[in-house]
Amino acid sequence: MEPVTQRHWTLRENSNRPALQAAVAAELDLPPLLVQVLLQRGGNSVEDIRQFLAARLSALPDPNLLPDMLPACRRLGLALKREEKISVHGDYDVDGISGCALLVEGLRALGAEVEYHIPLRLKGGYGLSAEAIRQAGERGCGIVVSVDCGVSAHDEAALATALGLDLIITDHHQPPDQLPPCLALINPQLASDPFPLKELSGVGVAFFLLLGLRRFLRTDGFFDPRPEPDFRRSLDLVALGTIADLVPLSGVNRILVRTGLQLLEQGGRPGVAALKRVADVKAVTSGSVGFRLAPRLNAAGRLEDAALGVELLLNGSEPQCATLARQLDEFNRERQQLEQRTLAEAIAMLETRNQDDYSIVLFGEHWHTGVIGIVASRLVERYHRPTVLIALDGNGCGKGSARSIAGFHLYRALQDCADSLTAFGGHAMAAGLTLDGDTADIFAAAFERVARRDLSPGDLIPQLSHDGEVALESLTLPLLHAMERLEPYGVGNPQPVFVTRDCRPCGVRMLGGKHLKFSVEQRGTSRDCIAFGQAGRVDELTGAIDILFKPGINLWRGNKSMQLQIVDFVAHDTES
């Protein structure tokens, strides 16, 4: 199988509305190009655009719109009055780690006695742990609250009931047809239409539980003799998990993350400050969270114990946080080495594969379950196929991670392959599964059949969306500063991408053997460019080209300049 080289450039929808564009530009005093970008991100009125740009916490929806919020708050309120011990059960990814830290911190701020549990990826696996539930009961807990897991935990929920524990599940994953029996199941996927965003992260759901609980306690007179905690201070944790879990940064998530990034930048939490130092993060953006901070938090759960991440986020001692952050940094380096080895092995396997395959399913006897999800993402980038990597443990069991492409819903696909699986769960774009080793080939064949059913040949060609064509002379530093109001960027709110045609590259040189740096000229206007990871295409920069790029501001020694980050380019035919 060969890497995908062909790409289609497509204009984002919803852009050709000149009357609305003019009204927004006039009323909000915005550059027309910025308004065009805003409309392409779902704005349908001047008020929509105003609220998007403001992203105020006051615009957050009523927590009670989430299902089972009131019974959960009543039970937690009763636990606070009775001084019952509460156990919080998180997950081993950044969403679960940050969500666990958020609930532990928030409940303790309300006066609760709280313990927490994070499963070991290599021993306990994903989701609610029966052993952890038993231990919670033995230690005198009356309530178990899950974060980022539990919606499919039927056996574990039944065990909690049998042990006399009240189970509150907070999750955001796709619910199965039959829900587990529990006191309350708070999941936006189950919410009725009034709740404005069903794609909250796990930590986002946990944050709304704290908001709902605080309001319930307020009306119940709980705060008459004591101060109310300010949960806004925990939005740094919400930003970490929300960005890392790749949920859309629009609507409610945009509001939460925008404030959370400001708190991360301030670095008031000792653990975050220590993590920023080891990751060499000078300025906090959604990109630095996703590519520098989150991988280090994730590394603990991938290779060791994710509880180290919770400890780092909750710890108030700067020396202890520095030690923990260095540990996570070392785990991350080890994770990178494992990832590169596994990726090389997977690519070698695919060299003999049929180019006509619509999916990729690979098995490895010695693969580390902590990195197969990352490697699956790398393979999707390289081959643009729905991809499943499965680590076989030598005892007849396989654990897999799956990543998808646009137009292929992973969770539904796995439902159609359920006969060959022992368990599965996840979202449209990412999922996990377990199977018996002797059904591995059966699953691979079933997954390929579903991919062929749901995808067309055109779906296997990457679509690179852009926000329109611009002339180089129209790109100015004031315009780029105005576009910074679109941040934070991420899924659902991508950084603006534009097309400029008929440019002439000049001054082409390689950087580090991997990247290209050059300038492009169009009708007397020149702009600097950087093309990351595209050194292999240097021979294509010999004549006129069309470029697909993200405009940005480069800061060097106190000086600001414009730099175009090249996403893709197409060389004109030499004859033309």
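Rules behind the numbers
- Residues numbered from 1 in each chain as written.
- Predicted model: local features only at pLDDT ≥ 70, side-chain atom pairs only at ≥ 80, totals over all residues.
- Heavy atoms only, no water.
- Salt bridge = Lys/Arg side-chain N within 4 Å of Asp/Glu carboxyl O.
- Buried < 20%, exposed > 50% of the residue type's maximum accessible area, 1.4 Å probe, protein only.
- Helix = DSSP H or I, 4+ residues; strand = E, 2+ residues; numbered from the N terminus.
- Pairing = 2+ DSSP bridges.
- Axes fitted to C-alpha atoms, helices over the stretch in contact; angles between N-to-C directions.
- Contact = heavy atoms within 4.5 Å.
- Parallel < 35°, antiparallel > 145°, perpendicular 65-115°, else oblique.
- Left-handed = near helix turned anticlockwise from the far one by under 90°.
- Nonpolar A, V, L, I, M, F, W, Y, C, P; charged D, E, K, R; others polar.
- Right-handed = clockwise from strand over helix to strand, strands pointing away.
- 1 Å grid on protein atoms, 1.4 Å probe; cavity = no way out; pocket = protein on both sides within 12 Å on 5 of 7 lines; lining within 4 Å.
- Points joined across faces, edges and corners; volume = space filled by probe spheres on them.
- Polar contact = N/O pair within 3.5 Å; in protein donor to acceptor, adjacent residues only side chain to side chain.
- Expected span 1.5 Å × (residues − 1).

### A short note on the pattern of salt bridges
Here is step 1: Tallying each qualifying case throughout the model produces 30 salt bridges.
Here is step 2: Arg75 is paired through a salt bridge with Glu84; the nearest N and O atoms lie 2.9 Å apart. Each of the two residues, Arg75 as well as Glu84, counts as buried.
Here is step 3: The salt bridge involving Arg269 is made with Glu105; its shortest N-O contact spans 2.7 Å. Taken together, the residues span a long stretch of sequence, with Arg269 in the loop between α10 (251-266) and α11 (270-278) and Glu105 in helix α5 (residues 94-109) at a distance of 164 residues.
Here is step 4: Taken together, the salt bridges that share partners define one network made up of Arg75, Arg82, Glu84 and Asp166.

### A short note on the sheet that holds strand β10 (residues 423-426)
Here is step 1: One open sheet holds the five strands; their spatial order is β7-β8-β9-β11-β10, and the pairing between them is mixed. With one partner strand each, in any of the chains shown, β7 (360-364) and β10 form the two edges of the open sheet. In this sheet, adjacent strand axes meet at a mean angle of 15° when their direction is disregarded.
Here is step 2: Examined bridge by bridge, β10 and strand β11 (residues 430-436) share four bridges and lie antiparallel to one another. Looking across to β11, one finds that Phe424 is bridged to Leu433.
Here is step 3: Sitting on the sheet, helix α17 (residues 440-454) is in contact with β7, β8 (387-392) and β11, with an inclination near 165° to β7.

### Brief notes about the sheet that holds strand β15 (residues 525-531)
Here is step 1: Pairing is mixed in the closed barrel, where five strands are placed in the order β13-β14-β15-β17-β16. Taken pair by pair, the neighbouring strands of this sheet meet at an average axis angle of 45°, ignoring direction.
Here is step 2: Taken together, the three bridges between β15 and strand β17 (residues 559-571) define a ladder with parallel strand orientation. Paired with Ile530 across the strands is Gln565, a residue of β17.

### Some words on the packing of α5 against helix α8 (residues 202-219)
Here is step 1: With their axes 8 Å apart at the nearest point, α5 and α8 run at an angle of 15° to one another. Compared by their axis directions, α5 and α8 come out roughly parallel. The handedness of the crossing between α5 and α8 comes out as right-handed. Contacts from Asp95, Ser98, Gly99, Leu102, Leu103, Gly106 and Leu107 in α5 reach Gly202, Val203, Ala206, Phe207, Leu209, Leu210 and Leu213 in α8.
Here is step 2: For the contact of α5 with α8, the class distribution of residues is nine nonpolar, four polar and one charged.

### Quick look at the pairing of strand β2 (residues 85-89)
Where a strand is regular, its side chains alternate between the two sheet faces.
Here is step 1: Here β2 lies mainly inside the structure; five of its five residues are buried.
Here is step 2: Where β2 meets strand β3 (residues 113-117), five bridges bridge the pair, whose relative direction is parallel. Bridge pairing in β3 places Ser87 opposite Glu115.
Here is step 3: For the crossover that starts at β2, traverses α5 and ends in the parallel β3, the hand is right-handed.
Here is step 4: Alignment of β2 against strand β4 (residues 141-147), held across five bridges, turns out to be parallel.

### Let's talk about empty space enclosed by the protein
Sizing a probe to match a water molecule and rolling it over the atoms shows the empty space that remains.
Here is step 1: Applying the stated criterion to the full structure yields one cavity of 30 Å³ or more.
Here is step 2: Taken as a whole, the largest cavity encloses approximately 60 Å³ of empty space.
Here is step 3: Lining the largest cavity, in full, are Ser87, His89, Glu115, His117, Ala132, Ile133, Gln135, Ala136, Arg139 and Val144.
Here is step 4: For the lining of the largest cavity, the secondary-structure elements that each account for two or more residues are β2, β3 and α6 (130-138).
Here is step 5: Of the residues forming the lining of the largest cavity, the biggest block, four residues, is contributed by α6.
Here is step 6: Of the residues belonging to the lining of the largest cavity, the class tally is four nonpolar, four polar and two charged.

### Observations concerning the side chain of His173
Here is step 1: Secondary-structure assignment places His173 in the loop between β5 (166-170) and β6 (184-186).
Here is step 2: His173 sits in the buried class, given a relative accessible area of 11%.
Here is step 3: Here the side chain of His173 touches Asp171 through a polar contact of 2.6 Å, side chain to side chain.

### Considering α5
One full turn of an α-helix is made of 3.6 residues, so residues set three or four places apart face in the same direction.
Here is step 1: For α5, with 16 residues, the first-to-last C-alpha span of 22 Å sits near the 22 Å given by 1.5 Å per residue.
Here is step 2: With 13 of its 16 residues buried, α5 lies for the most part within the structure.
Here is step 3: At the exit of α5 stands Gly111, carrying a positive phi of roughly 100°.

### A short note on the packing of α11 against helix α14 (residues 318-350)
Here is step 1: α14 packs onto α11 with a crossing angle of 45° between their chain directions and a minimal axis gap of 8 Å. In terms of orientation, α11 lies oblique with respect to α14. For the pair α11 and α14, the sense of crossing is right-handed. Within the contact between the two elements, α11 uses Pro270, Gly271, Ala274, Leu275 and Val278 and α14 uses Glu318, Cys321, Ala322, Ala325, Arg326, Leu328 and Asp329.
Here is step 2: When grouped by side-chain class, the residues that make up the contact of α11 with α14 number eight nonpolar, one polar and three charged.

### Digging into α8
Here is step 1: Taking 1.5 Å as the rise per residue, α8 with 18 residues should run 26 Å; its terminal C-alpha atoms sit 26 Å apart, in good agreement.
Here is step 2: Two residues or fewer after α8 comes Gly221, characterised by a positive phi angle close to 80°.

### So, the layout of surface pockets
Here is step 1: In this model, the second largest pocket occupies a volume close to 580 Å³.
Here is step 2: Looking at the second largest pocket, it is lined by 26 residues, and the ones nearest its centre are Asp48, Gln51, Phe52, Ser250 and Gly251.
Here is step 3: The element contributing the most residues to the lining of the second largest pocket is helix α3 (residues 46-54), with seven residues.
Here is step 4: Considered class by class, the residues forming the lining of the second largest pocket number twelve nonpolar, seven polar and seven charged.

### Examining unusual backbone geometry
Here is step 1: Glu487 connects to Pro488 through a cis peptide bond whose omega is 5°.
Here is step 2: Topologically, Pro488 is positioned in the loop between α18 (477-483) and β13 (498-511).
Here is step 3: Residues other than glycine seldom take positive phi values, yet Asp148 does so here, at roughly 65°.
Here is step 4: Residue placement: Asp148 occurs in the loop between β4 and α7 (154-162).
Here is step 5: The backbone phi angle of Arg523 is positive, close to 45°, even though this residue is not glycine.
Here is step 6: Along the chain, Arg523 falls in the loop between β14 (515-522) and β15.

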